[in-house]
Amino acid sequence: SNGKTSTAQQMQDIEEETNIDSLLEIASYHLSLGKNELALQAYRRAMKRAFADVMLVKNQLGEIKRQQAELVLAEQERKNADLSDYVESSELATSRKQEAEFELSLLQVASRVADIHNNMGVVHELNRSYKQAQTSYRDALDVYYNTCKRFKDSDDPDVDRTMSNVKRMKKACASEEPRAALHGKATSIAKQTRSSDPVSRNKALTAAVITLQQALKWETESLGSTHPVAANTLIQMGKYYYEMREYDEAVSVIRQAIRNLQNALGKNHPQVCKAILLLASIYERHGLNVSPEGVDKDEALLEIYVDALDPLKTSLGEVHPEVGLVYTKIGYLYGKKRDLGLSLLAYKAALKAYGEPTSTTLLGGMHPEVLSVWVRVTEHLYSMKNWGEVLVAGERALFFLRLAKKSLFREAELYTNHYSSVASTSDTASVNSISIVKTSKKSLIQITSGTYYSALYTTLSSLAQAHITLKNYQLARDACQESLQLGWEIALSSQPDDKSKGSNHEPLDPALHQLIRSLKRLGKVILLQKHYNDALECFLPCLELLRSSKTTESTLDTASVLGSLGFLYLKLKKFNESSNFLRECLRLYRKNGVDANDRETNKIKAWLEMAESREEDFEEPPTFLEIPIVI
């Protein structure tokens, strides 16, 4: 149901509730969530029930006193008639005992009425309705004085606190206009800085801060230094400090405001949550300038986001995009620390908060973070070598990547301008397209048109490796071929034109490294399927790419490709070619300091010995052990 229907239902539930304790719990709950009107409604309903109890007890007490008066009169007549043997009747003694019990009960129910008046005063105070708050506190005092016979200066903390609240509200009412004027003045000064030069802007913002400090002094004297109103003033001061680039001051006053709000409203109140997220946004942008000495920026930011979770979930519920975004940011920060386990837990919690996995995700568009989180989950599972889960998460990520492609590029107006020369198989997905929900808030992992193909390549590569490890060779080959095609497109688009090419002494382009990985991975799958000629078509261009740069032509990566080629030619009984590749592989092993007794070295030596013997009927070479394919 929508918010209005939910509020109406909650109002109805309050009106139908008759138990005072339950009503007070409901009011307290709504107050902790910042739902002041619902809290006020629950307190009014509780007041109605409590007042009814007071009237009932008063009526019962009146009846007891009336009966007691009759008994006293009869007793007096009996006493006068026989003075020598007079003993007070048990009926009169019982009546007096009942009177004492009802008077005690009246004190209890009346005290509850006073407490509810006080609670209503708190809600009015939070709503900044200071006159109404003052009235509620005075009503509570009247009940304490007239019904409960509880007076000031009698060491009664409830009475003393209520008396203090009445005085505070009197000051708040008297200072309301000057305080509002000061806030208005500060806002007006700050607005004048929008088009000013930096010096003039800082001067004006300083004046705005000074004005708010004057307002804060009034608020401290009338409402108290820890009042939510004073905390909100501190937050506004923090925003002005931020605009002045005085980040330490901004963080200091906002932290003070958070402490005050937590003490006044509880740790899960929406205002607390907003203040914590404001603090987090400052750390995100300028954490290096404000982190305490010896505390890493990411550690400080992570702590802030974790603190924000409970109030956010309490306010918005477990399933909400804002909750999902905070979990996503927590996952990203744990990922930066290489704590993949906690990062994965945070990302999974983020998916749950976004409503995943459900079919409703597709209705009306998909939140952009859902796609990004699935890709990160796949990457983490790949790093943790949890291959079964890689397949599940990878397929989900691939499904969303294909769905979201057109929407992403249409938003960036790049869909027809990038990678249009070669159509990727990802264009022929079984479903066409889905719109991406627009949102102004995003995490650092959110996929855009600029990072789309990298995410697609990573996901396909992860799926390919999972299928290889699980010996699903045909599925692995399909994923490898698609990632290879994508790798070619990315590599071709990233290369400079002929006129601007550098020498082969320059480092190999990252896109070419990515392409080499794709060729090696596909070559391995085809080799494992024993399609040796087809495998050559992967390893030969891979070798050519590695030898195109002085920085890679003598590396272990090149040696591993040479070893693979030597093995393939050995299987194809082309012994001269096999010997040449295997010798070159051993030379690069020696050059790179590989131990002469290393398992890989011994394997290459055994193959070379077979190739050099040129025996047509040689035994099968040693079982193909995994050739390194990860660069």
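Residues numbered from 1 in each chain as written. Predicted model: local features only at pLDDT ≥ 70, side-chain atom pairs only at ≥ 80, totals over all residues. Heavy atoms only, no water.

1. As for the overall build of the protein
Let me state the cut-off plainly: Helix numbering and strand numbering both begin at the N terminus, where a helix is a DSSP run of H or I of at least 4 residues and a strand a DSSP run of E of at least 2. For every residue, the accessible area obtained with a 1.4 Å probe (protein chains only) is divided by the maximum for its type, and the residue is called buried under 20%, exposed over 50%, and partly exposed between those limits. Should any heavy atoms of two residues lie within 4.5 Å, those residues are counted as being in contact. Here the Shrake-Rupley method, with its probe set to 1.4 Å, supplies the accessible areas, and only the displayed protein chains count as covering residues.
Helix and strand counts for the protein come out as 22 helices and zero strands. Relative to its full complement of 631 residues, the protein shows a buried share of 45%. Look at the contacts in the protein between residues 6 or more apart in sequence, and 68% of them connect residues 24 or more apart. Summing over all exposed atoms, the protein offers an accessible surface of approximately 32,500 Å²; the carbon and sulfur share of this is 50%.

2. With respect to the pattern of salt bridges
Going by this rule: Basic side-chain nitrogens of Lys or Arg form a salt bridge, by our definition, when they fall within 4 Å of a carboxyl oxygen of Asp or Glu.
One pass over the full model with this rule turns up 18 salt bridges. For the salt bridge of Glu612 with Arg583, the shortest nitrogen-to-oxygen distance reads 2.9 Å. With Glu612 in helix H22 (residues 599–613) and Arg583 in helix H21 (residues 575–591), this residue pair connects regions lying 29 residues apart in the sequence. Its relative accessible area of 39% is what places Arg583 among the partly exposed residues. Linking Arg587 and Glu584 is a salt bridge whose minimum nitrogen-to-oxygen distance equals 2.6 Å. Of this pair, Arg587 and Glu584 are both found in helix H21, three residues apart, which corresponds to roughly one turn of the helix. What makes Arg587 partly exposed here is its relative accessible area of 35%. The class of Glu584 is partly exposed, set by a relative accessible area of 21%. A single salt-bridge network, built from bridges that share partners, covers Arg150, Asp156, Asp158 and Arg161.

3. What about the nonpolar core?
Stated formally: Note on terminology: a nonpolar core comprises buried Ala, Val, Leu, Ile, Met, Phe, Trp, Tyr and Cys residues joined through side-chain atoms within 4.5 Å.
Ile330, Leu371, Val377, Leu401, Ile447 and Tyr452 are the most contacted members of the largest nonpolar core, which has 132 residues in total. If one sorts the elements of this core by residue count, helix H15 (residues 387–412) sits on top with twelve residues. Residues in contact with Ile447, not counting those within four places in the same chain, are Leu371, Ser372, Val375, Leu401, Leu408, Tyr452 and Ala455. Counting 38 residues, the second largest nonpolar core, distinct from the first, contains Leu38, Leu40, Val143 and Val159.

4. Structural notes on the packing of helix H13 (residues 340–353) against helix H14 (residues 368–383)
What counts is decided by this rule: Lines fitted to C-alpha atoms define the axes, with helix axes restricted to the stretch in contact, and inter-axis angles between N-to-C directions lie between 0 and 180 degrees. An angle below 35 degrees is treated as roughly parallel, one above 145 as roughly antiparallel, one from 65 to 115 as roughly perpendicular, and anything else as oblique. By convention, the crossing between two helices is left-handed when the near helix turns anticlockwise from the far helix through less than a right angle, and right-handed when the turn is clockwise.
In contact at an axis separation of 10 Å, H13 and H14 are set at 150° when each is read in the N-to-C sense. Compared by their axis directions, H13 and H14 come out roughly antiparallel. Between H13 and H14 lies a crossing of left-handed hand. Contacts between H13 and H14 involve Leu340, Ser343, Leu344, Tyr347 and Leu351 from the former and Val370, Val373, Trp374, Arg376, Val377, His380, Leu381 and Ser383 from the latter.

5. Brief notes about helix H16 (residues 452–469)
An α-helical turn contains 3.6 residues, so any two residues separated by three or four positions project in the same direction. Definition in use: Every helix has an expected span of 1.5 Å times one less than the residues it contains.
Compared with the 26 Å implied by 1.5 Å per residue over 18 residues, the 26 Å span of H16 between its first and last C-alpha is a close match. Buried residues dominate H16, accounting for 15 of its 18 residues.

6. Some remarks on the packing of aromatic side chains
Applicable threshold: Pairing of aromatic rings covers Phe, Tyr and the six-membered ring of Trp, with a centre-to-centre limit of 6.5 Å; geometry is then stacked below 30 degrees between planes, edge-to-face above 60, and tilted otherwise.
Taken as a whole and judged by the stated rule, the model has six aromatic pairs. Centre to centre, the rings of Tyr452 and Tyr453 are 5.2 Å apart; their planes meet at 90°, and the pair counts as edge-to-face. Exposure remark for Tyr452: the relative accessible area of 0% places this residue in the buried category. The class of Tyr453 is buried, set by a relative accessible area of 5%. Here the aromatic rings of Phe567 and Trp607 are separated by 4.7 Å at their centres, their planes lie at 45°, and the arrangement is tilted. Of the two residues, Phe567 sits in helix H20 (residues 556–571) while Trp607 sits in helix H22, which places them 40 residues apart along the sequence. A relative accessible area of 4% places Phe567 in the buried class. Since its relative accessible area comes to 0%, Trp607 is described here as buried.

7. A closer look at the environment of Leu216
Along the chain, the position of Leu216 falls in helix H7 (residues 198–222). Setting aside residues up to four positions removed in sequence, Leu216 forms contacts with Ala230, Thr233, Leu234 and Met237.

8. Quick notes on H14
When the terminal C-alpha atoms of H14 are compared, their 24 Å separation across 16 residues agrees well with the 22 Å that a helix rising 1.5 Å per residue should span. Within H14, twelve of the 16 residues are buried, which leaves the element mostly enclosed by the surrounding structure. Of the residues flanking the end of H14, it is Lys385, one or two places downstream, whose phi is positive at about 55°.

9. Considerations on the confidence of the model for the protein
Counted only if it meets this: Confidence of the prediction at every residue is given by pLDDT, a number between 0 and 100.
Per-residue confidence for the protein gives a mean pLDDT of 84, with 83% of residues at or over 70. Confidence over residues 359–364 falls short of pLDDT 50; this stretch has ten contacts with residues more than four positions distant or in other chains. Below a pLDDT of 50 lies the segment residues 414–432, which in the model reaches 32 contacts outside its immediate sequence neighbourhood of four places, other chains included.

10. Comments concerning unusual backbone geometry
One non-glycine residue, Arg338, adopts positive backbone phi at about 65°. As for its position among the elements, Arg338 is in the loop between helix H12 (321–336) and H13. Accessibility expressed as a relative area gives 56% for Arg338, which makes it exposed. Not every positive phi belongs to a glycine, and Lys530 is a case in point at roughly 65°. One can find Lys530 in the loop between helix H18 (510–528) and helix H19 (532–546).

11. As for the packing of helix H6 (residues 157–191) against H7
To keep things clear, this is the line we draw: Polarity classes work like this: nonpolar for Ala, Val, Leu, Ile, Met, Phe, Trp, Tyr, Cys and Pro, charged for Asp, Glu, Lys and Arg, and polar for all others, with Gly in that last group.
The contact between H6 and H7 brings their axes to 9 Å, and the two run at 175°. On the basis of the axis angle, H6 is roughly antiparallel to H7. Counting all contacts with H6, which are made through Arg168, Lys171, Ala172, Ser175, Pro178, Arg179, Leu182, His183, Lys185, Ala186, Ile189 and Ala190, the residues of H7 involved are Ala204, Leu205, Ala207, Ala208, Thr211, Leu212, Gln214, Ala215, Trp218, Glu219, Glu221 and Ser222. In terms of residue class, the contact of H6 with H7 is made up of 13 nonpolar, five polar and six charged.

12. Quick word on the side chain of Asp298
Applied cut-off: Pairs of N or O atoms within 3.5 Å make up the polar contacts considered here, provided that, within protein, one atom can donate a hydrogen while the other can accept it, and that residues adjacent in sequence are counted only when both atoms are side-chain atoms.
Within the element layout of this structure, Asp298 appears in helix H11 (residues 297–316). At 2.9 Å, the side chain of Asp298 forms a polar contact with the side chain of Lys336. Residue contacts for Asp298: discarding those within four places in its chain leaves Leu333 and Lys336.

13. Structural notes on the side chain of Asn118
Its location among the elements puts Asn118 in helix H4 (residues 90–126). With relative accessibility at 10%, the residue Asn118 sits in the buried group. Contact partners of Asn118, with chain neighbours within four places excluded, come to Tyr137, Ala140, Tyr144 and Thr162.

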